[in-house]
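Residue-level structure breakdown
Here is what each chain is made of, one letter per residue.
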Amino acid sequence: MEKIHLYDKIISPLLTEKSTNLSGLNKIVFKVHKNANKKNIKSNIEKIFKVNVTKVNIINKQNRTKLTRGRKVKISGFKKAIITLKKGQSIDLTTGI
């Protein structure tokens, strides 16, 4: 069995308007690997950022096609995780991983 590094499951934070609004509720959104599960994500976030995670929600965004300038363009899907932190804790995403 291959040894997987902590950073292999968490790809990047998602910084959108909706994720910024969720940060007021102690929730942070990350783009994660397609094979990641809730237990892996929770343990990796706790080890990397040294915070307590209370809940992990996962959303699979499916592939879709989009019409751009009269042509069909394929938009690839991804998996994102919404992490709920313990009250009073936060992650500073501006410093990087």
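My aim in this report is to walk through the structure given alongside it, one point at a time.

Rules used throughout
- Residues numbered from 1 in each chain as written.
- Predicted model: local features only at pLDDT ≥ 70, side-chain atom pairs only at ≥ 80, totals over all residues.
- Heavy atoms only, no water.
- Helix = DSSP H or I, 4+ residues; strand = E, 2+ residues; numbered from the N terminus.
- Buried < 20%, exposed > 50% of the residue type's maximum accessible area, 1.4 Å probe, protein only.
- Contact = heavy atoms within 4.5 Å.
- 1 Å grid on protein atoms, 1.4 Å probe; cavity = no way out; pocket = protein on both sides within 12 Å on 5 of 7 lines; lining within 4 Å.
- Points joined across faces, edges and corners; volume = space filled by probe spheres on them.
- Nonpolar A, V, L, I, M, F, W, Y, C, P; charged D, E, K, R; others polar.
- Phe/Tyr/Trp six-rings, centres within 6.5 Å; stacked < 30°, edge-to-face > 60°.
- Lys NZ or Arg CZ within 6 Å of the ring centre and 35° of its normal.

1. Considerations on the environment of Ile59
With respect to the helices and strands, the residue Ile59 is situated in strand 3 (residues 53-61). According to the relative accessible area criterion, Ile59 is partly exposed, its value standing at 34%. The contacts of Ile59, once residues within four sequence positions are left out, are Phe78, Lys79, Lys80 and Ile82.

2. Notes on the layout of surface pockets
Size it by volume and the largest pocket reaches roughly 230 Å³. In terms of residues, the lining of the largest pocket owes the most to one element, strand 2 (residues 27-32), which gives three residues. The space that makes up the second largest pocket amounts to roughly 180 Å³. Taken together, Leu14, Thr16, Lys18, Ser19, Leu22, Val29, Ile59, Lys61, Phe78, Lys80 and Ile82 make up the full set of residues lining the second largest pocket. Among the elements of the structure, helix 1 (17-22), strand 3 and strand 6 (78-85) are those that each provide at least two residues to the lining of the second largest pocket. Residues belonging to the lining of the second largest pocket are distributed by class as follows: six nonpolar, two polar and three charged.

3. As for the packing of aromatic side chains
Scanning all chains against the criterion turns up one aromatic pair. A cation over an aromatic ring shows up here: Lys31 above the ring of Phe78, its NZ or CZ 5.0 Å from the ring centre.

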